[in-house]
Amino acid sequence: MTIGLDLPKQILKAQTEARKPENLKSEDVGGMLIKASKDPGKLRKEKLEPRADRTLCLNNRSWLPVYSDLRALIMHESHKSKYSVYPGSDKMYQDMKKLYWWPNIKVDIATYVSKCLTCLRVKVEHQKPFGLLVQPEIPKWKWVNITMDFVTKLPKTANGYDAIWVIVDHLTKSAHFLAMRETGPIDKLARL
């Protein structure tokens, strides 16, 4: 990711822009940049440490400011590049938090992934069932409760049948398979 994008230079440029006095207030979160003193022009050095390439980092993770849309670029590369196979928001967060930091990073990643059309179509959300499973009522006598289904669009037999009517008894689990015509009359189905 850093080879094609020249990321360290872009991060340094965005951080420099964010540290300008006119932008400092909007970028500062919880006193990360400005000391809690009377002089808001002083940068806080205790939390953000400079690296050898002069970019600021927090716990060895690069700080990404709002400027120059770097967050969206990195989320795009982390999610849709040919080297990552559309990870979900949890996996993407675990991978990105090792390298980058910004306020509300987890929320931003979850929002980004939730807007991905490919993920919406392919990924299945794993959810807990709504409640306890209910035991179905056990029938007291055979052929009181039945299930029916039709298997259609079959090749025609010598007698002209092209469908199978499947009838299953709930109690004994025995099944009857009746050959029939798909266009057969309803009164004949009732007799069968």
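Our structure's up above, just so we're on the same page.
Residues numbered from 1 in each chain as written. Predicted model: local features only at pLDDT ≥ 70, side-chain atom pairs only at ≥ 80, totals over all residues. Heavy atoms only, no water.

Chemist: What is the right way to look at the sheet that holds strand S1 (residues 49-50) in this model?
Modeler: An order of S1-S2-S3-S4 is seen for the 4 strands of this open sheet, with the pairing classed as mixed. Every other strand in the sheet has two partners, leaving S1 and strand S4 (100-101) as the edge strands with one partner each. Sheet topology note: the strand S2 (residues 56-58)/strand S3 (residues 61-63) ladder contains 2 bridges and is antiparallel. Along S3, the bridge assignment pairs Cys57 with Ser62. Its contacts with the sheet place helix H2 (residues 7-18) against S2, S3 and S4, and it is angled at close to 45° to S3. (Pairing = 2+ DSSP bridges. Helix = DSSP H or I, 4+ residues; strand = E, 2+ residues; numbered from the N terminus. Contact = heavy atoms within 4.5 Å. Axes fitted to C-alpha atoms, helices over the stretch in contact; angles between N-to-C directions.)

Chemist: When you look at the packing of helix H5 (residues 89-96) against helix H6 (residues 105-114) in this model, what are you seeing that I'm missing?
Modeler: How two helices sit against one another is set out by the angle between their axes and by the gap between those axes. It is the contact of H5 with H6, at a shortest axis distance of 9 Å, that shows an interaxial angle of 140°. The angle between H5 and H6 falls in the class oblique. Crossing handedness for the pair H5 and H6: right-handed. Of H6, the residues touching H5 (which contributes Ser89, Met92, Tyr93 and Met96) are Ile105, Lys106, Ile109, Ala110, Tyr112 and Val113. Of the residues that constitute the contact of H5 with H6, the class distribution is 8 nonpolar, 1 polar and 1 charged. (Parallel < 35°, antiparallel > 145°, perpendicular 65-115°, else oblique. Left-handed = near helix turned anticlockwise from the far one by under 90°. Nonpolar A, V, L, I, M, F, W, Y, C, P; charged D, E, K, R; others polar.)

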